[in-house]
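Observations on the model geometry
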Amino acid sequence: ETAPVNILFSGIGDKNKAIVAANYQYSMIVGNDAATYPLKSADQAWAEMTQGLGYIPKYFPAATVRNAYLAYYESDGPQDFIQPVIVFEGDGGFLGYVQAVDSKYMNAP
């Protein structure tokens, strides 16, 4: 829920506002270290989400999903690659996602 560049201020309304934290996340692109992998269909990703195999950052007892799209996960820390994910958005701020790379091409943890 943060941007790659974000600043946390303290002392609203105070002339001497203080910066509590400042973060800058930059991932350098490595030129020739790239690969392509088959992606899941939206139907496959939705099936995984309904089986509890996705990630939902905030608890919702029930949600109506209105939109699905391909995006890329970017963590707060350094990462070796960009992870494609299928994002599901819904009413009341619902957000969930499933890794988009076909499971046949993923290493088991």
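Let me begin by describing the structure that accompanies this report. (Residues numbered from 1 in each chain as written. Predicted model: local features only at pLDDT ≥ 70, side-chain atom pairs only at ≥ 80, totals over all residues. Heavy atoms only, no water.)

**As for helix 1 (residues 42–50)**
Those residues of helix 1 that fall on the buried side of the exposure criterion are Ala45, Glu48 and Met49. The arc that holds the buried residues of helix 1, viewed along the axis, is 100 degrees, so those residues lie on one side. Exposed residues pointing more than 90 degrees away from the buried face of helix 1 are listed as Asp43 and Thr50. The secondary structure elements touched by the buried residues of helix 1 are strand 4 (83–90) and strand 5 (95–99). Once helix 1 ends, the next one or two residues include Gly52, with phi positive near 80 degrees. (Buried < 20%, exposed > 50% of the residue type's maximum accessible area, 1.4 Å probe, protein only. Helix = DSSP H or I, 4+ residues; strand = E, 2+ residues; numbered from the N terminus. Arc of directions from axis to C-beta. Contact = heavy atoms within 4.5 Å.)

**A look at the environment of Gln83**
Topologically, Gln83 is positioned in strand 4. By relative accessible area, which is 14% here, Gln83 ends up buried. Along the backbone, Gln83 and Gln99 are 16 residues apart, and their C-alpha atoms lie at a distance of 7.2 Å. Beyond its immediate sequence surroundings of up to four residues, Gln83 is in contact with Ala71, Tyr72, Tyr73, Gln99, Ala100, Val101 and Met106.

**Regarding the pattern of salt bridges**
Charged atoms that come close allow side chains of opposite charge to pair. Counted by the stated rule, this structure contains 2 salt bridges. The salt bridge involving Lys40 is made with Glu48; its shortest N-O contact spans 2.6 Å. Note that Asp91 and Arg66 form a salt bridge whose closest N and O atoms lie 2.9 Å from each other. Taken together, the residues span a long stretch of sequence, with Asp91 in the loop between strand 4 and strand 5 and Arg66 in strand 3 (residues 65–73) at a distance of 25 residues. A relative accessible area of 61% means that Arg66 is categorised as exposed. (Salt bridge = Lys/Arg side-chain N within 4 Å of Asp/Glu carboxyl O.)

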